[in-house]
Amino acid sequence: MKEVEFAIVGGGPAGLSAAIEAARCGVKVMVFDENERPGGQLFKQIHKFFGSREHGAGIRGIDIGSQLLEDAEKYGVEVYLNAAVWGIFDGPQLGICAEHRVFRVKAKKVLLATGASENALAFSGWTLPGVIGAGAAQTMINIHRVLPGRRVLMVGSGNVGLIISYQLLQAGAQVEAVVEALPHITGYGVHASKLRRCGVPILTSHTVKEATGQERVERAIIVEVDHQFEPRPGTERDLAVDTICLAVGLTPMAELAWLAGCRIAYIPELGGHAPLHDDNMLTTAEDIYVAGDLTGIEEAHTAIEEGRVAGIAVAESLGYIDFTRAFELKQQAKDHLGALRKGPFGEKRAQAKVRMIERREHP
Amino acid sequence: MKRTLKTTGILYGEELLKCPGMPTRKRMEQGPVAIIECTQEIPCDPCVDACRKGAIQIGEDITQPPRLLEEKCNGCGSCIAECPGLAIFVADFNHSPEQALLKIPYEFFPIPKANTKVLALDREGKVIGEVRVLKVSNPKKNDRTPVLSLLVPKERVLEIRHIRLKESI
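Residues numbered from 1 in each chain as written. Chains lettered and ligands numbered in written order. Predicted model: local features only at pLDDT ≥ 70, side-chain atom pairs only at ≥ 80, totals over all residues.

As a further point, take the interface of chain B and chain A. Taken together, the 34 residues of chain B in the interface contact 36 residues of chain A. Of all the elements in the fold, those that place two or more residues in the side of chain B that touches chain A are helix H1 (5-8) and helix H4 (46-50) of chain B. For the side of chain B that touches chain A, the residue count by class is 15 nonpolar, eight polar and 11 charged. (Contact = placed C-beta atoms within 7 Å. Helix = DSSP H or I, 4+ residues; strand = E, 2+ residues; numbered from the N terminus. Nonpolar A, V, L, I, M, F, W, Y, C, P; charged D, E, K, R; others polar.)

Right, dumping it as structure tokens:
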């Protein structure tokens, strides 16, 4: 059986950052990713990122992805693509399916950085072709350069909904409206302003009621909702659209963490069920670490910093760096995480993360 | 319901004028100056380093909205393309006796050419009228965020925020 020191599941921002930090200290690292290219969702993020100027703010997500790949290569990280990790066993061992065969890899330490999946929303007609995840639309336009449709209704005004609406406009589609069930826009005001000045209405206290069409979506019926999210009768409106994009949140992909026996908690502010971890990103399962959206839905910068903490902690536990150096390096990443989680958009997540660590220690 | 950035996506009246990145009327009348339309506490600060004059301040806590030190700002526009929220504009109220010069970020294809007329849009995307593109600036350091210099009616400096090409619908 193949043996590695540090096996990472997921080659997105969290997994790659952990790989880079650990490999920089001398750890032999292998990253497994089921996709045909690494980088997770970074290579479809064509916009400039927020954050602090010391840590990649103002740089487009695609370029942050390229930098991570370059660093990973520089430090000798092995990235194994088209490799689906389907199981995790005592040892720890990973069950992997790649190149038409199934095999196991034994590791001293494992990091799960599997990311998140998009939530769906059920409404009449939601199974018609043309109802897609907003992330899927973003993959189509920015990776494959194909428009999913010409006239789009976006459901959800979080940053994902707002940013992807704008990118759909940049790709040449029309966004007929963004609907948001809450009475306010949930993403950043600056993203909303960018859309509004292009003439896209953002309808708060509105949701999609129905999609209609023969073979695929031809129309969407939207409706106003009250504070209990109950539709107000008589407020229905009909929009001629061929695509309905759902940007209604993400859920951590915790399957492997469940399989590994990690204790999981339901934390709504972080997107649902997520594995509990300590401040080294270590779960309750021996030698299993986690980082990124799997530990709670945030964004690429927080995933990068969490990955760094995990990578440094792994290098420390394997004896590659002493605890004083590890403490210093982890503290830098943690300070940055603290800064990213400040303010009204981040404080709920910051508090939820503190609770998460407390619950791991005192169940 | 009260119209605010949070409910509409648009900065209206007082919310805009109270914004710490907003120059005073007096400063605007003195010549080119940045207008930083960033009011929410979000973790972001690249504008601070973009300014060589030290005219943009955020402080230790990067979620604080940027403050414009209007007496230090010379309206050079280096900050425009650095803002990930595309929320910085530069206005030169005294460009000519009749017209102001307004610089806006524009991340759409096709990029308009200098000396062409385009449709000016307000904060809601409504067409205000035709304006002329005086210059298109897209150096490497803008990282693919072209900045358009538009000749606009003086009274429209706080209204025009986007453009559309005339041939596109």
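Let us keep going from here.
All names here are of chain A. Counting 128 residues, the largest nonpolar core has Ile8, Ala19, Leu111 and Tyr289 as its most contacted members. Tallying contributions element by element places helix H7 (residues 300-317) first for this core, with nine residues. Discounting chain neighbours no more than four positions away, the residues touching Ala19 are Ile8, Val29, Val31, Ala72, Val77 and Gly311. Among the nonpolar cores identified, the runner-up in size contains 37 residues, and Val152, Ala173, Ile202 and Ala220 belong to it. (Core = buried A, V, L, I, M, F, W, Y, C linked by C-beta atoms within 7 Å. Buried ≥ 20, exposed ≤ 12 C-beta atoms within 10 Å, placed from the backbone.)

Residue and element names in this part refer to chain A. Bridge analysis of strand S17 (residues 264-267) against strand S18 (residues 272-275) gives four bridges, and the strand direction is antiparallel. Paired with Tyr266 across the two strands is His273, which belongs to S18. A loop of four residues connects S17 with S18, the two strands running antiparallel in sequence, and Gly271 in this loop sits at a positive phi of about 100°. (Pairing = 2+ DSSP bridges.)

In this section: the pairing of strand S2 (residues 29-32) of chain A. Residues and elements named next belong to chain A. Residues Val29 and Val31 point to one face of S2 and Met30 and Phe32 to the other, with burial holding for every one of them. Looking at chain direction, strand S1 (residues 2-9) and S2 are connected through four bridges and run parallel. Counterpart to Val9 in the pairing with S2 is Phe32. Chirality of the crossover, the property in question, places the unit of S1, helix H1 (residues 13-24) and S2 among those that are right-handed. Note: S2 against strand S3 (residues 78-80), three bridges, orientation parallel. Of the residues in S3, the one forming a bridge with Val31 is Val79. (Right-handed = clockwise from strand over helix to strand, strands pointing away.)

Residues and elements named next belong to chain A. Between the first and last C-alpha of helix H9 (residues 347-361) there are 22 Å, a value that for 15 residues agrees with the 21 Å anticipated at 1.5 Å per step. Turning to H9, its buried residues number three or more, namely Arg349, Lys353 and Met356. When H9 is viewed along its axis, its buried side chains cluster within an angular range of 55° and face the same direction. Facing away from the buried surface of H9 by more than 90 degrees, the exposed residues are Gln351, Val354, Glu358 and Glu361. Among the structural elements, S17 are those in contact with the buried residues of H9. (Expected span 1.5 Å × (residues − 1). Arc of directions from axis to C-beta.)

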